[in-house]
Amino acid sequence: MAPYQIRVFGDPVLKQVAKEITNVDDALVRLVDDMFETMYDAPGIGLAAPQVGVQKRLFVYDLGDEPGVLVNPVIKETDGEWLYEEGCLSVPGLSWEILRPNRVHLVGYDLDGNEIDLEVDELAGRLFQHEFDHLDGKLLLEHLDEDQRRDAMKILRDRAMAMPDVEPAPPKRRGLSLR
Ligand code: NI
């Protein structure tokens, strides 16, 4: 079983801006390992920390050549346009043709603190823009056109209503417990 359950649309953690990473410790290395396992299990080609409920600026990816992790990524420049059918593990089962810049220049760090400088396009360019958005609390839904957005919201609303009732939270205790 995957170490994490991937957070889905509606979870407030997906709308929060993640925090810069200041220190790579054992816990962070373990987080990255667990994120890879969760991503491969899904399966997906990219996963950002907020998608597993962790408010840190990092994402993992694997486009089939070699797995990578990017810490504190910054997009320096984008260029061109590319239309591509894009999905997200946090909006499962849905995808839309979305127009975004084609080429991306981004920099970040690996887990050893080495600077990573990447210029990519097409699928890799799309992946990095998508994962970067997650760190700023944005989902691909924000890139839909008006018609796509209306359809998406209807589907997501219907899904939310079809969800089985969750067990009610235990009543809040008022005052002091005497035990
Ligand atoms: Ni996503």
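Residues numbered from 1 in each chain as written. Predicted model: local features only at pLDDT ≥ 70, side-chain atom pairs only at ≥ 80, totals over all residues. Heavy atoms only, no water.

- UniProt annotates the chain under Sequence similarities (unreviewed entry) with the comment "Belongs to the polypeptide deformylase family." (UniProt positions renumbered as here; feature names shortened; annotations may be inferred.)

### Looking at a negative patch on the surface
Reasoning step 1: On the surface, Glu77, Glu115, Asp117 and Glu119 cluster together to form a negatively charged patch.
Reasoning step 2: A per-element tally of the negative patch places strand β7 (residues 115-120) first, with 3 residues.
Reasoning step 3: Relative to the elements of secondary structure, Glu77 occurs in strand β3 (residues 68-79).
Reasoning step 4: Glu77 gets classed as exposed once you look at its relative accessible area, which sits at 52%. (Patch = residues over 30% accessible without salt bridge, like charges linked within 9 Å, V, L, I, M, F, W, Y side chains within 5 Å. Areas by Shrake-Rupley, 256 points an atom, 1.4 Å probe, with all protein chains shown as cover. Salt bridge = Lys/Arg side-chain N within 4 Å of Asp/Glu carboxyl O. Lys, Arg positive; Asp, Glu negative; His and termini not counted. Charge placed at Lys NZ, Arg CZ, Asp CG, Glu CD. Helix = DSSP H or I, 4+ residues; strand = E, 2+ residues; numbered from the N terminus. Buried < 20%, exposed > 50% of the residue type's maximum accessible area, 1.4 Å probe, protein only.)

### What to know about the coordination of the nickel ion
Note on metal sites: the ideal angle is 109.5 degrees for four tetrahedral donors, and 90 or 180 degrees for six octahedral donors.
Reasoning step 1: Here the nickel ion is held by Cys88 (SG), His130 (NE2) and His134 (NE2), and the distances to it run 2.1 to 2.3 Å.
Reasoning step 2: Spacing between the donor residues of the nickel ion along the chain follows C-x41-H-x3-H. With Cys88 in the loop between β4 (82-87) and β5 (95-100) and His134 in helix α2 (residues 122-135), the pair connects residues that are 46 residues apart, well separated along the chain. Like His134, Cys88 is buried. (Donors = N, O, S within 2.8 Å, 3.2 Å for Na, K, Ca; no water.)

### Points about the pattern of salt bridges
Reasoning step 1: Applying the stated criterion to the full structure yields 8 salt bridges.
Reasoning step 2: A salt bridge links Arg103 to Asp79; the shortest N-O distance between them is 3.0 Å. Of this pair, Arg103 sits in strand β6 (residues 103-109) while Asp79 sits in strand β3, placing them 24 residues apart in sequence.
Reasoning step 3: Residue class for Asp79 comes out partly exposed when judged on its relative accessible area of 41%.
Reasoning step 4: Linking Glu86 and Arg100 is a salt bridge whose minimum nitrogen-to-oxygen distance equals 2.6 Å. Here the residue Glu86 occupies a position in strand β4, and Arg100 occupies one in strand β5, the gap between them amounting to 14 residues. By the burial criterion, Glu86 is buried, and Arg100 matches it.
Reasoning step 5: Sharing partners across several salt bridges, the network here consists of Glu86, Arg100, Arg126 and Asp133.

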